[in-house]
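Understanding the architecture of this molecule
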Amino acid sequence: MKKYLLFPLCALLFGTACELETVEYGKIDPSTFPKTKEDADALVISAAYHPFTTWNIFNTGWGYLTLSFMLTDEMECSWPACYIGFDMTGAGGYPVTDESRTPPYYHSKYLSSMMLALDRIRDVPMTDRERAQLNAELHCGMGFLAFLLYDLYGPISLPNLEALKNPLADPKIPRATDTEMRQFIESNLLAAIPDLPYRYDDSDYGRFTKGCANMILLKFYMMTRRWKEAEQIGRELTREEFGYALVPDYHSLFTLAGEKNSEVIYAVTAKSGYGMTHTWLAHVLPSDFPTPSGTTFMRWGVFHLSWPFYDTFEKGDKRLEKIYAEYVGTTGIVHSRADRSNADRTGLYYGPVPLKFGFEGTTGQECEVDVPVYRYADAITLLAEAIVRNQETVTDEALEYLNQIRRRVGLTEYTLDQIPTVTKFLEVLLLERGHEFYMEGVRRQDLIRHEKYIQACEAKMRFAGVLTDARLQKIYRKTDGLHYDSERLPVPTGIINQGGNVILQNPGY
């Protein structure tokens, strides 16, 4: 994937979509485009990759990754207006009409673009192998996007090709059933895997690979508690053909020099000058945080690692080297946990500075270091969890995968005597994954899978001093008798209104 051409092209090929997640079929005349293999490739790049950018579903301010760590116990938000939106339950008077937590849902429209692209390239002259790979990229995109949205909101309205070809009919399609949604995700990923390559050369860096599709499938099986299938996919990702391995230096994963390494399975491409940068550093740097001389950074200081979560790290953990619980500001003021006494909640009141990305490649608010979404460390720790859950015992193999993560960051390895039971192993692994993937959008899904998300909600609000009886009752409510209401985000009211009353809101909102 050409880092400087791919995403700008997307905006040229597709317009906006209506509430059905359809596109206007006439926006691209299928009788004239696509006609060649090159046309088809351009169409697939636009359709399959457009949603997965730093200014779409991986947007720093409101995207999938941000919601998945800010809505947990690991992070805090210092902007009062945003804090309400990042409240884990919305119990503090959060209005659903304020859609600060709902923008990702609107990206469901891109499923239609991908489905239409599949139909449009069907008769374009090319080899069977070329067509199979383009189809695989579209299937992977559909499975990927549907998985992210299902994780946040539950089932959505799925596109229908016949309806997409007749947009003037304006059909109202309700949200899929849970079974339909799961089948859509799994079937698309399984259709993609056989025809995707293991890797690309640099000119196509960033396109979906066999490893990416397998990793999404692994996440999906873990979410749906299909431990046997998860173990199989996890083992698949350890095969030599994929070429994945942990890099020795943890911090190098988040630097310009460390891009395209052996550990990253899928990363969001960032490139300055093309609307493809992100604003992680601007969001975490306090206004008086010292930066290298001769550099210019925007410093909003809005995202903080929470103090309670910081306290769960072990001394000597190398990951703490980029987490600042104390620093001397540019004006000479020493900031530390003592800032908890600041009445104006300045400095490190909300928590330490999680300086995860390197300064290189950042100017102003724009950072062009690629954002890792899925890493091999994620795959092997999920594999360890799947092995233990599936086999109902702690094995040497599962323990070794956990210890590989600990060795890299200078921590003592665990022994079977220390974590001999399934319950203890899962407890330790959950915390280790929290430390390994802080600010990477893993924590929310992990807490829900381990059935500890609601307890984390309570603890976070208790520490913040905002827990009330009303909030306590709300966070422990199960309207459907199965899921806690606050485990899923609200469906945008705009989607519900445009859907002609056939799209129902999630319970509790």
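The structure under discussion appears in the preceding block.
Keep in mind it's a predicted model, so treat the numbers as computed, not measured. (Residues numbered from 1 in each chain as written. Predicted model: local features only at pLDDT ≥ 70, side-chain atom pairs only at ≥ 80, totals over all residues. Heavy atoms only, no water.)

1. A short note on the overall build of the protein chain
Worth spelling out the cut-off: In DSSP terms, a helix is any run of H or I states spanning at least four residues, a strand is any run of E spanning at least two, and both are numbered starting from the N terminus. Note on exposure labels: buried denotes an accessible area under 20% of the residue type's maximum, exposed denotes more than 50%, and partly exposed covers the range between, all computed with a 1.4 Å probe on protein chains only. By definition, residues are in contact when any of their heavy atoms lie within 4.5 Å. The method behind every accessible area is Shrake-Rupley, applied with a 1.4 Å probe, and residues are considered shielded solely by the protein chains displayed.
Summing up its helical and strand segments, the protein chain has 19 helices and 10 strands in all. By the burial criterion, 59% of the 509 residues in the protein chain qualify as buried. A sequence separation of at least 24 residues applies to 73% of the contacts in the protein chain between residues at least 6 apart. On the protein chain, roughly 19800 Å² of surface is accessible, and the fraction owed to carbon and sulfur atoms is 52%.

2. Here we look at the side chain of Lys210
Put simply, the rule reads: We treat Lys and Arg as the positive residues and Asp and Glu as the negative residues; His and chain ends play no part in the count. Just to be clear on terms, a salt bridge is a Lys or Arg side-chain nitrogen sitting within 4 Å of an Asp or Glu carboxyl oxygen. Any pair of nitrogen or oxygen atoms within 3.5 Å is treated as a polar contact; in protein, a donor-acceptor pairing is required on top of that, and neighbouring residues in sequence qualify only through side-chain atoms on both sides.
Here Lys210 lies in helix H9 (residues 210-223). Asp195 provides the closest opposite charge to the buried, unpaired Lys210, separated from it by 6.9 Å. A distance of 2.9 Å separates the side chain of Lys210 from the backbone oxygen of Ile193, its partner in a polar contact. Beyond its immediate chain neighbours, meaning those up to four positions away, Lys210 contacts Ile193, Pro194, Asp195, Leu196, Pro197, Tyr198 and Phe242.

3. Considering the environment of Leu43
Note on placement: Leu43 falls in helix H2 (residues 37-49). Assessed through its relative accessible area of 0%, Leu43 is described here as buried. Separated by 77 residues in sequence, Leu43 and Arg120 place their C-alpha atoms 8.9 Å apart.

4. Quick word on the packing of aromatic side chains
Note on aromatic pairs: each is described by the distance of the centres and the angle between the planes. The condition is simple: The rule is short: rings of Phe, Tyr and Trp, with Trp giving its six-membered ring, pair when the centres are within 6.5 Å, and they are stacked under 30 degrees, edge-to-face over 60, tilted in between. Geometrically, a lysine NZ or arginine CZ counts as sitting over a ring once it is within 6 Å of the ring centre and also within 35 degrees of the ring normal.
Tallied over the full model, the rule gives 27 aromatic pairs. Plain terms: the ring middles of Phe289 and Tyr327 are 4.9 Å apart, the flat faces sit at 55° to each other, and that makes the pair tilted. With a gap of 38 residues between them, Phe289 in the loop between helix H11 (280-284) and strand S3 (303-305) and Tyr327 in strand S5 (residues 327-328) connect regions that are remote in the sequence. One Lys or Arg, Lys260, reaches over the ring of Tyr205 and ends 4.9 Å from the middle of that ring. Against the face of Tyr438 rests Lys356, its NZ or CZ located 4.0 Å from the ring centre.

5. Some points on the nonpolar core
The tendency in soluble globular proteins is for nonpolar side chains to be buried side by side. Worth spelling out the cut-off: Put simply, buried Ala, Val, Leu, Ile, Met, Phe, Trp, Tyr and Cys residues joined by side-chain atoms within 4.5 Å make one nonpolar core.
Core analysis: the largest hydrophobic core is formed by 148 residues, its most contacted members being Phe52, Phe58, Phe208, Tyr374 and Phe425. Broken down by element, the residue count for this core peaks at 14 residues, all from helix H6 (residues 128-153). The contact partners of Tyr374, leaving out residues within four places of it in the chain, are Phe144, Phe147, Leu148, Met215, Ile216, Lys219, Glu263, Val264, Ile265 and Tyr266.

6. As for the pattern of salt bridges
In the structure shown here, the tally under the stated rule is 39 salt bridges. We note a salt bridge from Arg122 to Asp123, for which the minimum N-O separation is 4.0 Å. Between Glu436 and Arg408 there is a salt bridge whose closest N-O contact spans 2.7 Å. Here Glu436 is found in helix H15 (residues 422-436), whereas its partner Arg408 is found in helix H14 (residues 396-408), with 28 residues between them in sequence.

7. Observations concerning empty space enclosed by the protein
Convention followed: Both cavities and pockets are sets of points on a 1 Å grid over the protein atoms alone; in a cavity a 1.4 Å probe fits but cannot get out, in a pocket the set is open with protein on both sides within 12 Å along at least five of seven lines, and lining residues sit with an atom within 4 Å of a point. Grid points are joined across faces, edges and corners, and a volume is the space filled by probe spheres set on the points. Residues are sorted three ways: Asp, Glu, Lys and Arg are charged, Ala, Val, Leu, Ile, Met, Phe, Trp, Tyr, Cys and Pro are nonpolar, and all the rest, Gly among them, are polar.
Under the definition given, this model contains four cavities of 30 Å³ or more. Its volume calculated, the largest cavity comes out at about 80 Å³. Those elements that place two or more of their residues in the lining of the largest cavity are helix H3 (64-70) and strand S10 (371-375). For the lining of the largest cavity, the per-class residue count stands at six nonpolar, two polar and two charged.

8. Examining the packing of helix H13 (residues 376-391) against H15
Going by this rule: Only the stretch in contact is used when fitting a helix axis, every axis being a line fitted to C-alpha atoms; angles between N-to-C directions are given from 0 to 180 degrees. Under this scheme an angle from 65 to 115 degrees is roughly perpendicular, one under 35 degrees roughly parallel, and one over 145 degrees roughly antiparallel; angles in between are oblique. Each helix crossing is assigned a hand: it is left-handed if the near helix lies turned anticlockwise from the far helix by less than a right angle, otherwise right-handed if that turn is clockwise.
Here H13 crosses H15 at 170°, and the two axes come no closer than 10 Å. Here H13 lies roughly antiparallel to H15, going by the angle between them. Seen along the crossing, H13 lies across H15 with a hand that is left-handed. The segment H13 lies against H15, with Ala377, Asp378, Thr381, Leu382, Ala384, Glu385, Val388 and Arg389 engaging Val422, Phe425, Leu426, Leu429, Arg433 and Glu436. Across the contact of H13 with H15, the residue classes break down as eight nonpolar, one polar and five charged.

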